[in-house]
Amino acid sequence: MNPITNLENAKIAIVVGASGGIGKAMLAEFIDDRDITHVIAISRSTTALPASFSGDGLSKLTCIDCDNQEQSMTEVVSQLEDTRGKIHHICICNGTLHGDGYFPERRLEEVTRETITHILQTNTITPILWLKHLKPLLKTKHKLSIAVLSARVGSISDNRLGGWYSYRSSKAALNMLLKTLSIELSRSLKQLQIYAFHPGTTDTELSKPFQARVAPEKLFSPKFVAERLHSLLTNKKPAGEIQFIDWDHKTIEW
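Quick caveat, the model's predicted, so the values are computed rather than measured. (Residues numbered from 1 in each chain as written. Predicted model: local features only at pLDDT ≥ 70, side-chain atom pairs only at ≥ 80, totals over all residues. Heavy atoms only, no water.)

## Observations concerning the pattern of salt bridges
Then step 1. Under the counting rule described, the total for this entry stands at 14 salt bridges.
Then step 2. For Arg 106, the salt bridge identified is with Glu 110, shortest N-O distance 3.6 Å.
Then step 3. Note on Glu 110: relative accessible area 27%, which makes it partly exposed.
Then step 4. Overlapping salt bridges, with partners in common, bring together Arg 106, Arg 107, Glu 109 and Glu 110 in one network. (Salt bridge = Lys/Arg side-chain N within 4 Å of Asp/Glu carboxyl O. Buried < 20%, exposed > 50% of the residue type's maximum accessible area, 1.4 Å probe, protein only.)

## Section: the nonpolar core
Then step 1. Ile 14, Ile 42 and Trp 130 are the most contacted members of the largest nonpolar core, which totals 37 residues.
Then step 2. Contributions of two or more residues to this core are made by strand S1 (12-16), strand S2 (38-43), helix H3 (70-79), strand S4 (87-92), helix H4 (113-134), strand S5 (144-149), helix H5 (165-186) and strand S6 (192-198).
Then step 3. Per element, the largest residue contribution to this core is 5 residues, and it comes from H4.
Then step 4. If we skip the residues at most four places from it in the chain, Trp 130 touches Val 16, Ile 42, Cys 66, Asn 68, Met 73, Val 76, Val 77 and Ile 92.
Then step 5. Listed in part, the 30 residues of the second largest apolar core include Ala 18, Cys 93, Phe 220 and Ala 226. (Core = buried A, V, L, I, M, F, W, Y, C linked by side-chain atoms within 4.5 Å. Helix = DSSP H or I, 4+ residues; strand = E, 2+ residues; numbered from the N terminus. Contact = heavy atoms within 4.5 Å.)

## Let's talk about the side chain of Thr 96
Then step 1. Along the chain, Thr 96 falls in the loop between S4 and H4.
Then step 2. The buried category is assigned to Thr 96, whose relative accessible area is 9%.
Then step 3. Here Tyr 102 takes part through its side chain, which lies 2.7 Å from a polar atom of the side chain of Thr 96. (Polar contact = N/O pair within 3.5 Å; in protein donor to acceptor, adjacent residues only side chain to side chain.)

Right, here's the structure in full:
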């Protein structure tokens, strides 16, 4: 895909997990953003992504495949060395809730080592490792926003229904990792804002088995969610502390 060139006055947005529903919609938002000069899409497979865009927007897009193993992350970031100090937005959209052989647990007896390990790896460990490896590229004095897809069910104080052991735990752990990271990075990146972002129930593969019980007005399109997230990243002034926030820009209790 397009090499990353003409970086003198570049303003770069990076989307990790770019082939998912929200990830692709975020790519579209950044490509349409005239203030962004380069959009970097990272995913397990980016082969189909260029077909979603055309014209001048496509020329802004650079696609990089990565299997989310840590050695592969290191190799990807080494390709991005020239973007140091040019990154303005990072969105990490990795996530899983169900798949072959696993589904949200309703009772403790349904918890298995294999499922909880897999979900923690995808929802918690992968995002923080990406931020670990991208951190050296964030030497900048300009406004920098980082958003990672979290979930309201990751709120410990908001848990009144129980169930979903692995998914809830993975998002609660993610929130703590992001909180800790925000404290560390805020010491050197004064214009940084980190968001643990709850997109609401979005019409993607992740929510398909649960959409029947969702009111139509509460089932959001990926485009709508991406618009709300893009608005958050580009319009809000840095508040200092990390925000656990939803699609409606309302704060969620930790």
